[in-house]
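Reading the structure
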Amino acid sequence: MNEDAYKGKFVGRPVERVEDPQLLTGQAIFTADMPTREGTLHAAVLRSPHAHAEILSIDTSAALKRPGVVAVLTGKEIKEDSDPFLIVLRKPMDQWSLATDKVRFVGESVALVVASDRYLAEDALEHIKVEYKPLPVAVTPQEAAKEGAPLVHPACGSNVVSERHFSYGDPDKAFAEADKIVELTVDYPRNSQTPLEGFVVVADYRRDEKSYDVQSNFQGPFTVHPVMSKALRVKGTQLRMRSPAYSGGGFGIKQAIFPYVVLMCIASKRVGRPVKWIEDRLEHLTAAIAAPNRVIRAQAAVKLDGTILGFRFEQLDDYGAFLRPPMPGPLYRQHGIMTGAYGVKHMTITNRLVMTNKTPSGMVRGFGGPQIYYGLERLIQRVAVELGMDHLDVIKKNLIPAGSFPYRAPAGALLDSGDYQAAVAMAERDGRLAELRARRDKARAEGRLYGIGFAAVAEPAQSNMGYLSTINTVEERKKSGPKGGNVAYCTVNVDALGGVAITADSLPQGQGHATVLCQIVADQLGITPNEIVCNMERDSQRDPWSIATGNYSSRFSSATTSSAFFAAKKTREKLLKIAAHLLKVPEESLDLGGGKIFQKDNPEVNIRFSRVAGTAHWSPSELPPGMAPGLSETGAWSAPELEPPNDADQINTSLTYAFVFDFCGVEIDRMTGRVKIDRYVTLHDSGKLLNPLLADGQVYGAFNWGLGCALMEEFVYKEDGSFLSGTFADYLCPTAPEVPEPQILHMETPSPFTPLGAKGIAEGNCMSTPVCIANAVADATGLKDLRLPLTPSKLAGLIQGEEPPPPKKQAQSSAANLAGKSLRGSGSAFVACKPEEVWKALIDPQMLAHVIPGCHEVKLVAPNTYHATISLGVGVVKGKFSAKVSLTNLMPPKSAVINGDLEGPLGSSEGIGNISLVETSGGTQVNYEYGFDISGKVAAIGGRMLDGASRVIMKQFFERLASTIEKPSAAAQGAAMTPTPTKTSWWKSILKMLGFAK
């Protein structure tokens, strides 16, 4: 019998995902699909329309009277039932799950309605009356960090709540010996990945046990489990967290679900029934989480031959309104690897953490890496430019030398393995770089803008749980005790019939974890992956876990798989001991394969796998002496290399470091500024590839988002803190037509620190792709300062310079005071009446009530001043507003200026408009122009939708005005007037314009 027939190796093969059949047939169970107890209620959240305001009063009486409403919670109830969340820094910036005294960002949770269904809960939100006192805002990190800026948390005394200085090697000497100092400041914008599925929480308070049972799509890390428990004033065992095997994406963002877990727990305790909440898309984009925008001032001390002697980094990281744990993770998670893939020995780092009136920052895929590498790799490109050298030559000259691994970086990272020079040579050869250079030369000879960009990245995986303590001084760390490591768990169960099942401590979001775990265990037990069941559900009361448990920072391939390997190995060893005892042969002579345990030299001597497994369950007396019955083994693993930070502030922030080398060619349209990617090559040395098919899938996903960061995606805020990117009309994510297929290359240098030799691969292109594309744009244009995303309009402005002034004879707007308004427009309408009749209609409250879209009533409250109640809706945002309108600069019947403002639970607006009436043949030409600013939830739907909607509404108003005035009989009699219906309602007009209706 051929031994190989019994033990085909599956690790390293491109095995198709075992998860796909359920996903593709719609059988996968997500959190929203999980069964709930009878009587489960549903929740909706009222959110702040202001970026910074004092809460003067909240009146919930009307909402409580609405049909189906069971309860309304405000900050008062939350403070009674919970404590503020713990944070890393000892600073007075308490946060509860609902705002208590102030709101500090647009979208902050202010009240919670619990009702019999979500629709009734949503309806009731409009009936909660909140009186706010708006306060000055701090929006950009640069302005917030200045002395005298409005304070997000006055008790802190400053918006800069942490500042630390680090020095490694002898940076002063390095900069003194430099031939040149190259400097660059970059401003990395806010952005985020956008999972298909938002937050979902179902909380059930068990009164008899005084415990909470929570179903959610929380992804970890479980460092926040104690945070939630302490906030709820219970022991950890009294907060049961359950997660399904499937989640519609996570990308680190679903760590930020924990405030809503606490909120729904309190709601369930208050109403005595389970409470379910599902986040909608607007809520997610507005208030879930964002990667921090970071301002980096970077300097390189260089010799004229391109050798880099030292670095200086000054980082200002924006964490929004609150420091949610485990923040400020992105600022310190990659602290040890700040020198990247380069063998630079000397460095200083200054880290400043600033609070602003924006959505709190958090874990987003890449977790600090995109910011770090954008600063570092843009600086390397500038070194090449200022020295007149080839960019790739500078990279090659400074890479960590071959044969240096494991390599200790100055800030403490222990890079496990690699040959960066061989990897770059492979990418040059197989990616046909010489051919790409020839295409660049040809394009430039023809006058086209064409550039080639490069990026080299050391990609960390499996975070050291002690990295965050680096924010504290050595003395503070000694007081609190050392912190380090990253514990992973996996359990292999073999039943009495030989069935094998696996559970593990990672909470997957589509990566194929079950597939890889089955491959690992199959290799150890001599069976095939399809003979194994992998259950990726997680239950904190049933399954082993640690504070590191979860799916983040690429920990699966180096942490969870290692624990799976050890669990499977322990299971294998026990099976071999039992078989050796039953067969009366030496244990070391046996192997597993083909569903049997057999003697290596004489395969005819064998016993069925299921028979051995059954013995452990059915016949404990037949087991070797002293062996415990049953067959369930748990592997627990933490690498010894993940030590706490030392007294020199050095820390190995991650266990493994893959190497990513990218290059691309791009062409830029001189007229439009559009960037076209001609070719993109990405090489990954991620150690041993456990499954090449899944590895490529991770590269495609990371590349897709990296491209979005480079060219499209940004969370935009107005000067008043209003959020402007609340829909996919303004937060643009790349779709299939915009994403070229990259050429993916792999090189395998196994890690000596993991039992399978694997490293992480899921985050590399999130770090390398944005700066690689930016470097290509810089090469094409010669531009130094490039702020992502590189949108066509932004690049066109940089390439073409300022637009020329309009011709002197061109008519200027008569409404110069509209220029500062965010949304502006103009138009005209013809009315078949004299100007005097039109003028009379414009100042008649009864007439206005009939022609203003969505108007309930108009009252004259003072001369030429009106109060109106209006219902409006744009996209997913709709609600009732109180409007005040006044007419000034009256020149009847020729012109007037209209000033107005709206206020409602969804936001506020103020604007100004000019109306002129010109008598023409057969009637009056009404010309209008307007400008207005919007804040709050309405602003979050974005400029594109708002601009289109405002134009439609204005057009609709004047069409209805004309239609009504042209029926003089009804107007003269003062009868109840119904405007002549247009062919399409204003709401349908908006939907049609946006492509949602025909």
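Here's what I pulled together on the structure shown here. (Residues numbered from 1 in each chain as written. Predicted model: local features only at pLDDT ≥ 70, side-chain atom pairs only at ≥ 80, totals over all residues. Heavy atoms only, no water.)

Observations concerning the overall build of the chain
- Each helix and strand in the chain was counted, giving 26 helices and 36 strands.
- Radius of gyration (C-alpha) of the chain: 32 Å, near the 30 Å computed for a compact globule of 998 residues.
- Considering only C-alpha atoms, the chain reaches an extent of 110 × 75 × 55 Å along its principal axes.
- The proportion of buried residues among the 998 residues of the chain is 58%.
- A separation threshold of at least 6 residues defines the contact pool for the chain, and within that pool the share at least 24 residues apart is 77%.
- Accessible area of the chain: about 38700 Å², with a carbon and sulfur share of 53%.
- One finds the centroid of the 107 positive side-chain charges in the chain at a distance of 2 Å from the centroid of its 107 negative side-chain charges. (Helix = DSSP H or I, 4+ residues; strand = E, 2+ residues; numbered from the N terminus. Rg over C-alpha atoms; globule rule 2.2 N^0.38 Å. Buried < 20%, exposed > 50% of the residue type's maximum accessible area, 1.4 Å probe, protein only. Contact = heavy atoms within 4.5 Å. Areas by Shrake-Rupley, 256 points an atom, 1.4 Å probe, with all protein chains shown as cover. Lys, Arg positive; Asp, Glu negative; His and termini not counted. Charge placed at Lys NZ, Arg CZ, Asp CG, Glu CD.)

Focus: the layout of surface pockets
- Counted as a void, the second largest pocket has a volume near 1100 Å³.
- Forming the boundary of the second largest pocket are 40 residues, of which Ile 87, Val 88, Leu 468, Asn 472 and Lys 483 lie nearest the centre.
- Of all elements in the fold, only strand S7 (160-168), helix H7 (224-231) and helix H15 (474-480) reach the threshold of two or more residues within the lining of the second largest pocket. (1 Å grid on protein atoms, 1.4 Å probe; cavity = no way out; pocket = protein on both sides within 12 Å on 5 of 7 lines; lining within 4 Å. Points joined across faces, edges and corners; volume = space filled by probe spheres on them.)

What to know about the pattern of salt bridges
- Applying the stated criterion across every chain yields a total of 55 salt bridges.
- Its salt-bridge partner being Asp 204, residue Arg 206 comes within 3.1 Å of it at the nearest N-O pair.
- Within the structure, one salt-bridge network assembled from shared partners comprises Arg 37, Asp 204, Arg 206, Asp 213, Arg 240, Arg 242 and Asp 539. (Salt bridge = Lys/Arg side-chain N within 4 Å of Asp/Glu carboxyl O.)

Let's talk about the side chain of Asn 691
- Assignment of secondary structure puts Asn 691 in the loop between strand S28 (675-685) and helix H19 (692-711).
- Side chain to side chain, Asn 691 and Gln 519 meet in a polar contact 2.9 Å long. (Polar contact = N/O pair within 3.5 Å; in protein donor to acceptor, adjacent residues only side chain to side chain.)

Concerning the sheet that holds strand S27 (residues 654-668)
- With mixed pairing, four strands are arranged side by side in an open sheet as S18-S27-S28-S29. With partners counted over all chains shown, the strands left at the sheet margins are strand S18 (449-463) and strand S29 (743-747), one partner each. On average, adjacent strands in this sheet sit at an angle of 15 degrees to one another, irrespective of strand direction.
- One ladder, built from five bridges, connects S28 with S29; its direction is parallel. Bridge assignment links Val 681 to a residue of S29, and that residue is Gln 743.
- The sheet contacts of helix H14 (residues 433-445) involve S18, S27 and S28, and relative to S18 the element is tilted by about 145 degrees. (Pairing = 2+ DSSP bridges. Axes fitted to C-alpha atoms, helices over the stretch in contact; angles between N-to-C directions.)

Quick look at the packing of aromatic side chains
- One pass over the full model with this rule turns up 23 aromatic pairs.
- Just above the ring of Phe 10 sits the side chain of Arg 13; from NZ or CZ to the centre is 4.5 Å.
- Over the face of the ring belonging to Tyr 717 we find Lys 358, whose NZ or CZ atom lies 5.7 Å from the ring centre. (Phe/Tyr/Trp six-rings, centres within 6.5 Å; stacked < 30°, edge-to-face > 60°. Lys NZ or Arg CZ within 6 Å of the ring centre and 35° of its normal.)

Examining the pairing of strand S1 (residues 41-47)
- Counted residue by residue, S1 has six buried out of seven residues, so it is predominantly covered.
- In terms of strand pairing, S1 meets strand S12 (residues 275-278) through two bridges, oriented parallel. Residue Leu 41 lies in a different strand from S12, and its bridge partner there is Val 275.
- As paired strands, S1 and strand S5 (residues 109-115) are joined by six bridges and run antiparallel to one another. Residue pairing in the sheet places Ala 43 in a bridge with Val 114 of S5.

Topic: the sheet that holds strand S3 (residues 69-74)
- The strand order across the open sheet built from eight strands is S3-S5-S1-S12-S9-S10-S11-S22, with neighbouring strands paired in mixed fashion. Two strands bound the open sheet, and with one partner strand each, they are S3 and strand S22 (538-539).
- Two strands pair when backbone bridges link them, and strand S9 (residues 200-206) and strand S10 (residues 211-216) are joined in this way by six bridges, in the antiparallel orientation. Within the sheet, the bridge partner assigned to Val 201 lies in S10 and is Ser 216.
- Contacts from helix H8 (residues 258-271) reach S1, S3, S5, S9, S10, strand S11 (239-243) and S12, with the element oriented near 40 degrees to S9.

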